[in-house]
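Observations on the three-dimensional arrangement
Chain residues, written in single-letter form:
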Amino acid sequence: MTTSTALLLADLTGVAVFAASGASAAVAKRLDLFGVVFVGFVAALGGGIFRDLAIGEVPPLAFADWRYAATAALTATAVFWLHPQLARLRTTVLVLDAAGLGLFTVTGTIKALDAGVPPAGAGVIGMLTAIGGGLGRDLLTGEIPVVLRREIYAVAALVGAVAVVVLNLLGQAGPVPLTLAAGLVFGLRLVALRRRWSAPVAALRPPRPGAPDAS
Amino acid sequence: MTTSTALLLADLTGVAVFAASGASAAVAKRLDLFGVVFVGFVAALGGGIFRDLAIGEVPPLAFADWRYAATAALTATAVFWLHPQLARLRTTVLVLDAAGLGLFTVTGTIKALDAGVPPAGAGVIGMLTAIGGGLGRDLLTGEIPVVLRREIYAVAALVGAVAVVVLNLLGQAGPVPLTLAAGLVFGLRLVALRRRWSAPVAALRPPRPGAPDAS
Amino acid sequence: MTTSTALLLADLTGVAVFAASGASAAVAKRLDLFGVVFVGFVAALGGGIFRDLAIGEVPPLAFADWRYAATAALTATAVFWLHPQLARLRTTVLVLDAAGLGLFTVTGTIKALDAGVPPAGAGVIGMLTAIGGGLGRDLLTGEIPVVLRREIYAVAALVGAVAVVVLNLLGQAGPVPLTLAAGLVFGLRLVALRRRWSAPVAALRPPRPGAPDAS
């Protein structure tokens, strides 16, 4: 009971944080109030909706439990009105976002394993749960997804997803190890932010003159 | 029987109208004939495909009943050949589009309720059914979705979805009240167009010098 | 057994080829290593994931069989390191991509028919299986999908999907006719490339002065 309540609170915290990141991006793009709420909704719940479709849990939790959509909508509306103050909380938002990343990675991977998805696929679904909302946010606001370009973000989620899969194979997927896995993602992400770690980018040589563009 | 036929005709009218809006956008982007038909297909059927996946109705109606895809493809092809004439019908298209919005909102919400989705989630799914095709159209043609930026559009759908949910809770979701709900969306959208109503946009203060961009 | 192994090998070849096309596009956009692998994953497996969701096969094969994700990830990583050499193989890549198009069209259509989707819908799903990954690749890298703009690509897939549906209706969907259908797509695509065939583009007349943009 307490565990379940703690999990729900943690889950809704993740929803709120991701909704705030989506709403901030939408405000910066001059979207209207509805657009801000909608992008916040997608950023907060898009990853989980994809996860639930992929594991056959319909309707997805985002539609089955009104608290998820309500949390996302209220948070995004608050950001719409309060965003100048929010800008001063930039560091707080980044820390909360890293916490949401860790949480969604762990719950996404666990749900996929529980639904009978094999380990490798479950890890991928867990990572997609964590980064899917941010992908949707960037597609809706006309950006190449930042998660594909900058910093260690998805990689932190992937490391955490692999950790959860391994814990599960070892029969050790209890609350404490899973919390540690979420903490691992959180820590990796914070260190990457602090040290400006990035994944490598391929060296581009100048194309030969007249070479056609590869489709 | 008559009701069912009327519903099908209304549904296919909505498909045709949304296919025309998608095809027009694709023609303006200089897509080829296939691209025009494809964007028309997505605009007409994308919202319904998402709805069916979310409520676990597979294969989605767009694939299960050939009349849907055929209506979308024929309409988009006709727009491809006739679009200069269509431009003169701009007002007609906007009115039909508002009618499609009302219809898809009502049928989407009802289908989600019938599939056992709780009220709040069913309302969100109904709204997404109505605006999903337009979102897909704009993503495919490289635009930030217009529904997030301008005018009362999704909000009209949301109001209609809430009306359907309330009617259903009251046990009053018969043909006449549902038609009135569709008419409510239609009317709201037309009045918003006529009076140029828009949802509010957040005031942006100039960023502090040197402040980094929030991710 | 041999047929099944041959099919798996052919399927994984298609995955590898589409992963290479996605990874190449991501390298050109200066995405980091993770971004390159992710876009490769989407290009290789996105069409199949959509197909499996639409026919209710959950979890999708891309998550249920680790060899699919592994093939996509390894190929994309190889492209990341080797892409300057790959540029010299441009013709090879285009030929392999045409082969992948034929293969995914046939397997996608057959799987949809086997899942009970009616003929017209199964053909559309087969075509979407073949072109879906390329659509995802272009959306992620901020392009209007090339399949909607240039050359005979999706149309070749559509012709092949119709051929498979007709073969199936005639009770002739054995290995040899299906291989011929894949070959038909392959050949159409190669001839279109060679002769620079394109689908027609609508003639745009100059807009009347002051005419508002159709939404």
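- The name given to chain A in an unreviewed UniProt entry is Glycine transporter domain-containing protein, with the source organism recorded as Micromonospora rosaria.
- UniProt lists a comment for chain A under the heading Sequence similarities (unreviewed entry), and it reads "Belongs to the UPF0126 family."
- Taken verbatim from the UniProt record of chain A, the Subcellular location (unreviewed entry) comment is "Cell membrane".

**Quick word on the pattern of salt bridges**
All names here are of chain A.
- Across all of its chains, the model carries 12 salt bridges over all chains by this definition.
- A salt bridge links Arg 137 to Asp 138, with the shortest nitrogen-to-oxygen separation between them at 3.0 Å. There is no split in this pair, since Arg 137 and Asp 138 are both buried.

**A few points about a nonpolar patch on the surface**
- Nonpolar side chains collect at one region of the surface, where Leu158(A), Val162(A), Val166(A) and Leu170(A) lie side by side and expose about 330 Å² of accessible area between them.
- Tracing the backbone through its elements, the reader meets Val166(A) in helix α7 (residues 154-169).

**Remarks on the packing of aromatic side chains**
- Inspection of every chain in the model, using the stated rule, returns 12 aromatic pairs over all chains.
- Ring centres of Phe50(A) and Phe63(C) lie 6.2 Å apart, and the angle between their planes is 75 degrees; on these two criteria the pair is classed as edge-to-face. Placement of Phe50(A) in helix α2 (residues 33-54) and of Phe63(C) in helix α3 (residues 61-64) is noted, with the two residues assigned to different chains.
- Owing to a relative accessible area of 1%, Phe63(C) belongs among the buried residues under this scheme.

**Let's talk about the interface of chain C and chain B**
- Each side of the interface is counted separately: chain C has 36 residues, and chain B has 31 residues.
- In total, chain C and chain B occlude about 2800 Å² of area from one another, counting both sides; carbon and sulfur atoms represent 73% of this.
- Applying the counting criterion to the chain C and chain B interface returns zero salt bridges.
- Along the contact surface separating chain C from chain B lie one residue pair in polar contact (both at pLDDT 80 or more).
- Of all the secondary-structure elements, those providing two or more residues to the side of chain C that touches chain B are α2 (33-54), α6 (119-140) and α7 (154-169) of chain C.
- For the side of chain C that touches chain B, the element with the most residues is α6(C), which contributes nine residues.
- Across the side of chain C that touches chain B, the residue classes tally to 28 nonpolar, three polar and five charged.

**Details of the relation of the copies chain C and chain B**
- Mapping chain C onto chain B calls for a screw motion: a turn of 120 degrees about the axis and a shift of 0.0 Å along it, with 0.0 Å RMSD after fitting. Those values place the two copies in the arrangement expected of a three-fold rotation axis.
- Interface overlap between copies is the fraction of interface residues in one copy that are interface residues in the other; for chain C against chain B it is only 8%, indicating separate surfaces.

**Examining the nonpolar core**
- Core analysis: the largest hydrophobic core is formed by 190 residues, its most contacted members being Phe38(A), Ile131(A), Phe38(B), Ile131(B), Phe38(C) and Ile131(C).
- Setting aside its immediate chain neighbours within four residues, Phe38(A) contacts Leu140(A), Met127(B), Leu128(B), Ile131(B), Leu135(B) and Leu148(B).

**Some words on the packing of helix α5 (residues 90-114) of chain B against helix α8 (residues 175-195) of chain B**
Residues and elements named next belong to chain B.
- At a minimum axis separation of 8 Å, α5 and α8 run at an interaxial angle of 140 degrees. Accordingly, the angle class assigned to the pair α5 and α8 is oblique. Regarding α5 and α8, the two cross each other, and that crossing is right-handed. Taken together, the residues of α8 that come into contact with α5 (itself represented by Leu 94, Val 95, Ala 98, Ala 99, Leu 101, Gly 102, Leu 103, Thr 105, Val 106 and Ile 110) are Leu 178, Ala 181, Ala 182, Val 185, Phe 186, Arg 189, Leu 190 and Leu 193.
- Its residues assigned to classes, the contact of α5 with α8 shows 15 nonpolar, two polar and one charged.

**Some details on the UniProt feature "transmembrane region" (unreviewed entry) in chain A**
Residues and elements named next belong to chain A.
- The UniProt entry lists residues 6-26, 33-54, 66-82, 94-113, 119-140, 152-170 and 176-192 under the feature "transmembrane region" (unreviewed entry), expressed in the numbering used here.
- Span residues 6-26 is 100% helix and 0% strand, its end C-alpha atoms 30 Å apart.
- The span residues 176-192 shows a helical share of 100% and a strand share of 0%, and its end C-alpha atoms are spaced 24 Å apart.

**Re unusual backbone geometry**
Residues and elements named next belong to chain A.
- Backbone torsion omega between Val 58 and Pro 59 reads -10 degrees, so that peptide bond is classified as cis.
- Here Pro 59 lies in the loop between α2 and α3 (61-64).
- Although it is not a glycine, Arg 30 adopts a positive phi angle of roughly 65 degrees.
- Relative to the helices and strands, Arg 30 resides in the loop between α1 (2-28) and α2.
- Residue classification places Arg 30 among the partly exposed positions, given a relative accessible area of 42%.

Rules of the game
Residues numbered from 1 in each chain as written. Chains lettered and ligands numbered in written order. Predicted model: local features only at pLDDT ≥ 70, side-chain atom pairs only at ≥ 80, totals over all residues. Heavy atoms only, no water. UniProt positions renumbered as here; feature names shortened; annotations may be inferred. Salt bridge = Lys/Arg side-chain N within 4 Å of Asp/Glu carboxyl O. Buried < 20%, exposed > 50% of the residue type's maximum accessible area, 1.4 Å probe, protein only. Patch = residues over 30% accessible without salt bridge, like charges linked within 9 Å, V, L, I, M, F, W, Y side chains within 5 Å. Areas by Shrake-Rupley, 256 points an atom, 1.4 Å probe, with all protein chains shown as cover. Helix = DSSP H or I, 4+ residues; strand = E, 2+ residues; numbered from the N terminus. Phe/Tyr/Trp six-rings, centres within 6.5 Å; stacked < 30°, edge-to-face > 60°. Contact = heavy atoms within 4.5 Å. Buried area = accessible area lost by both parts, 1.4 Å probe. Polar contact = N/O pair within 3.5 Å; in protein donor to acceptor, adjacent residues only side chain to side chain. Nonpolar A, V, L, I, M, F, W, Y, C, P; charged D, E, K, R; others polar. Least-squares fit on C-alpha atoms with pLDDT ≥ 70 in both. Core = buried A, V, L, I, M, F, W, Y, C linked by side-chain atoms within 4.5 Å. Axes fitted to C-alpha atoms, helices over the stretch in contact; angles between N-to-C directions. Parallel < 35°, antiparallel > 145°, perpendicular 65-115°, else oblique. Left-handed = near helix turned anticlockwise from the far one by under 90°.

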